[in-house]
Amino acid sequence: MDRRDFLKRCVAVGVGGSVLSNRALKVDIGSKRPNVLFIAIDDMNDWTGFLGGHPQAKTPNMDRLAEKGLNFRNAHCSAPGCSPSRNALLFGVEPFNSGLYPFYTTKDIDPDVLAKYTTLPQLFMQNGYNTFGAGKIHHGSSGFPAEWTDYHVKNGATLVYNPDAGYQQGTSRKMAFCPTTNPFEDHPDHQVASYGVDILSRDHDKPFFLAVGIVKPHLAFVCPQQFFDMHSGPIEPPSIKADDLVDISWPGRGNARLNDDLKFRGDEAWEKVRRAYLACISWADYNVGRVLDALEASDYADNTIIVLWSDHGYHLGEKRSFRKFSLWEEACRVPFIIRDTRQRAPKGRASDEAVSLIDIYRTLTTLAGVECPDYVDGVDLSAWLDDPGRKREKPAMTSWGRGNYTVRTRNWRYTRYFDGSEELYDHRNDGQEWTNLAASPEYDGQKQALAKWLPEKEAPLELQGKALHSVVDADQPDLAGTKALWDKVNATIEPPLD
Ligand SMILES: [Ca+2]
Ligand SMILES: [Ca+2]
């Protein structure tokens, strides 16, 4: 028995089997501060084994993590786009408090704005951690030099696509849904995971915060052939209600990506798109598995907090939409797992309370014993690790442009757009959000109870560094484009929608 095994067994004997005392005891030991393994996935919705959003999803590695940790099955992003979601999570501040509603080129944001915040890796660095990052953590940049002890520099191999085995729109590098012919090692996600494996194999003289940012299943939906082979049969489409959008107001319809849907229908490509999405999720899972295996084989296997999240969900044809950028369940709901390896918890634990990725910041500081900055939004979820059945009053909030917000509780979603139009869904019997109940007077009380959580004050939109603002909102209220697109799409639908 080596020294590490010996110490592990000593601790195991000491805890006496109680989950609560186990964690309390180990935290009290104090001499070993926990490491953090922070796994970000890009654009992955609930098409995973552990969330059951698609019957053909294959994610054995993430399923294993969910089984051992706490699976938040009703988790939501702060914003359904890469940049605002990640800014909210990493700065710990909701878009309506920061003004960072849409996309930004991070390096161009007014430094005075960012000076108010401390990023999560920066906070851990200030508290004596070494911080390592790889891949997509922030959107559009590797972040801020001051927050990383070391950051992986990617190798720029060009991926070769095989569109004959899938689908590609012309020669678009982005709108491709097919296998690649390169070796695994050429793919950025493989390199990012290898960096994580390398960091975990080293001896560390300080605790570490290791951030691994996997980019698939983000567009292009391309990955090695083996992962397409895992999904070779007919792909089951999601349930789609043909006239789902007729009970949605114009700002809501403006969120639907009608052009993408129209193109895929015209090319009869939806099945190929969905197959490629499932393949890329399995590829992401494979790379996450390599990092999880490396942690398990390392000296840090019993003293690391693992948090896995995706920055937002994804539409694959529901509500005639593709991608994200909406306030509906498909785009807002995210995979979110926390595992504290210091805790010997029963397997298969899950929570169905609505939680938000904004909660990660505060939760990690509690679990690591780091003081959280006062400004940070969100709820500390550490108590749920001991008691997954715990109730929560505060809903999860998602913002998409100033003035557009949705509130999600265990059973309800309530959405209000900048023009006052509303949606209300009862998830107890309408998980697809097909029937908008907002216009029925009998739900007025329910709406009022949910509306009280909407932001009382909205930060003005931050203009400097703003990079993408396709959303129709209080700062860009022109609905003419939405109506014109609706007419164009409707001309192809029989019977046309209202
Ligand atoms: Ca994303
Ligand atoms: Ca509907």
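Thresholds, definitions, all that
- Residues numbered from 1 in each chain as written.
- Chains lettered and ligands numbered in written order.
- Predicted model: local features only at pLDDT ≥ 70, side-chain atom pairs only at ≥ 80, totals over all residues.
- Helix = DSSP H or I, 4+ residues; strand = E, 2+ residues; numbered from the N terminus.
- Rg over C-alpha atoms; globule rule 2.2 N^0.38 Å.
- Buried ≥ 20, exposed ≤ 12 C-beta atoms within 10 Å, placed from the backbone.
- Contact = placed C-beta atoms within 7 Å.
- Pairing = 2+ DSSP bridges.
- Axes fitted to C-alpha atoms, helices over the stretch in contact; angles between N-to-C directions.
- Parallel < 35°, antiparallel > 145°, perpendicular 65-115°, else oblique.
- Nonpolar A, V, L, I, M, F, W, Y, C, P; charged D, E, K, R; others polar.
- Core = buried A, V, L, I, M, F, W, Y, C linked by C-beta atoms within 7 Å.

**Student:** How should the overall build of the protein chain be read in this particular structure?
**Tutor:** Each helix and strand counted, the protein chain has 17 helices and 22 strands in total. Here the C-alpha radius of gyration of the protein chain, 22 Å, is about what a compact globule of 498 residues would show, namely 23 Å. Overall size of the protein chain, expressed as C-alpha extent along the three principal axes, is 75 × 55 × 45 Å. Within the span of the protein chain, comprising 498 residues, buried residues form 50% of the whole. Taking the intrachain contacts of the protein chain between residues at least 6 apart in sequence as the baseline, contacts between residues at least 24 apart amount to 72%.

**Student:** Sorry, what's going on with the sheet that holds strand 20 (residues 412-416) here?
**Tutor:** Hydrogen bonds along the backbone pair up the strands of a sheet, which may run parallel or antiparallel. Taken in spatial order, the 4 strands make up an open sheet running 18-19-20-21, and their pairing is antiparallel. Whereas interior strands pair on both sides, the edge strands pair on one side only; in this sheet they are strand 18 (396-399) and strand 21 (422-426). Direction aside, the axes of adjacent strands within the sheet are offset by 10° on average. Two strands pair when backbone bridges link them, and strand 19 (residues 405-408) and strand 20 are joined in this way by 4 bridges, in the antiparallel orientation. Its bridge partner being in strand 20, valine 407 is matched across the sheet by tyrosine 414. Seen against the sheet, helix 16 (residues 444-451) touches strand 19, strand 20 and strand 21 and runs at an angle of roughly 75° to strand 20.

**Student:** Would you mind going over the packing of helix 8 (residues 188-201) against helix 12 (residues 270-296) with me for this structure?
**Tutor:** Each pair of packed helices gets described by two things: the angle between the helix axes and the distance between those axes. Look at helix 8 against helix 12: their axes get within 8 Å of each other, and the N-to-C directions meet at 5°. The orientation of helix 8 relative to helix 12 falls into the category roughly parallel. Counting all contacts with helix 8, which are made through Asp189, His190, Ala193, Gly196, Val197, Leu200 and Ser201, the residues of helix 12 involved are Trp283, Ala284, Asn287, Arg290, Val291, Ala294 and Leu295. Class assignment for the residues of the contact of helix 8 with helix 12 results in 8 nonpolar, 4 polar and 2 charged.

**Student:** Just checking my understanding: could you explain the pairing of strand 15 (residues 336-340) for this structure?
**Tutor:** For a regular strand, side chains alternate in direction, first toward one face of the sheet and then toward the other. Counting buried positions over the 5 residues of strand 15 gives 5, a clear majority of the element. Both faces of strand 15 are covered, namely the face carrying Phe336, Ile338 and Asp340 and the face carrying Ile337 and Arg339. Where strand 2 (residues 70-72) lies against strand 15, 2 bridges are found, and the strand directions are antiparallel. Residue pairing across strands places leucine 70 opposite isoleucine 338, the latter belonging to strand 15. The sheet contact formed by strand 11 (residues 304-310) and strand 15 spans 5 bridges and is antiparallel. Directly across from tryptophan 309, in strand 15, lies its bridge partner phenylalanine 336.

**Student:** Just checking my understanding: could you explain unusual backbone geometry for this structure?
**Tutor:** One can expect most non-glycine residues to show negative phi and most peptide bonds to be in trans. Residue proline 217 is reached from lysine 216 by a cis peptide bond, and omega for that bond is 10°. Each neighbour pair has its own omega, and for leucine 219 with alanine 220 the value is -10°, a cis peptide bond. As for its position among the elements, alanine 220 is in the loop between strand 9 (208-214) and strand 10 (221-224). Phi is positive for glutamate 268, close to 50°, though the residue is something other than glycine. Mapped onto the elements of the fold, glutamate 268 is located in the loop between helix 11 (258-266) and helix 12. C-beta crowding within 10 Å serves as the criterion here: with 9 such atoms nearby, glutamate 268 is assigned to the exposed category. One non-glycine residue, arginine 323, lies in the positive phi region at around 75°. Tracing the sequence through the fold places arginine 323 in strand 13 (residues 322-323). Its 20 C-beta neighbours within 10 Å are what place arginine 323 among the buried residues.

**Student:** Hey, could you run me through the sheet that holds strand 17 (residues 355-356) in this one?
**Tutor:** The 3 strands lie next to each other as 14-3-17, forming an open sheet whose pairing is mixed. At either end of the open sheet lies a strand with only one pairing partner, and these are strand 14 (333-334) and strand 17. Both strand 3 (residues 75-76) and strand 17 contribute to a ladder of 2 bridges, which runs parallel. Paired with alanine 75 across the strands is valine 355, a residue of strand 17.

**Student:** Help me understand the environment of asparagine 127 in this model?
**Tutor:** Relative to the helices and strands, asparagine 127 is located in the loop between helix 7 (120-126) and strand 5 (130-135). For asparagine 127, a count of 15 C-beta atoms within 10 Å corresponds to the partly exposed category. Measuring from C-alpha to C-alpha, the distance between asparagine 127 and glycine 369 comes to 9.6 Å, with 242 residues separating the pair along the chain.

**Student:** What exactly am I supposed to notice about the environment of phenylalanine 208 here?
**Tutor:** In this structure, phenylalanine 208 sits in strand 9. We classify phenylalanine 208 as buried; it has 22 C-beta atoms within 10 Å. Residues phenylalanine 208 and glycine 128, spaced 80 residues apart in sequence, show a C-alpha to C-alpha distance of 8.7 Å. The contacts of phenylalanine 208, once residues within four sequence positions are left out, are Asn35, Tyr129, Asn130, Phe132 and Ile199.

**Student:** Looking at this structure, how should I read the packing of helix 3 (residues 60-68) against helix 12?
**Tutor:** Direction vectors running N to C along helix 3 and helix 12 enclose 50°, while the axes themselves pass 7 Å from each other. By the criterion of interaxial angle, the relationship of helix 3 to helix 12 is oblique. Across the interface between the two elements, Pro60, Asn61, Met62 and Leu65 from helix 3 touch Asp285, Tyr286, Val288, Gly289 and Leu292 from helix 12. Here the contact of helix 3 with helix 12 is composed, by residue class, of 6 nonpolar, 2 polar and 1 charged.

**Student:** When you look at the nonpolar core in this model, what are you seeing that I'm missing?
**Tutor:** Generally speaking, a soluble globular protein has its nonpolar side chains buried in company with each other. Core analysis: the largest hydrophobic core is formed by 113 residues, its most contacted members being Ile39, Leu210, Phe221 and Val307. Broken down by element, the residue count for this core peaks at 15 residues, all from helix 12. Discounting chain neighbours no more than four positions away, the residues touching leucine 210 are Val36, Leu37, Phe38, Phe132, Gly196 and Ile199. With 6 residues, the next largest nonpolar core counts Leu245, Ile248, Leu258 and Val489 among its residues.

**Student:** I'm lost on the pairing of strand 8 (residues 176-180) in this one. Help?
**Tutor:** Of all 5 residues making up strand 8, 5 are buried, and the element is well covered by its neighbours. Here strand 7 (residues 167-168) runs beside strand 8; their pairing, made up of 2 bridges, is antiparallel. The residue bridging glutamine 168 from the neighbouring strand is alanine 176, located in strand 8. Strand direction decides the pairing type here: strand 8 and strand 10, joined by 4 bridges, are parallel. Within the sheet, the bridge partner assigned to phenylalanine 177 lies in strand 10 and is phenylalanine 221.

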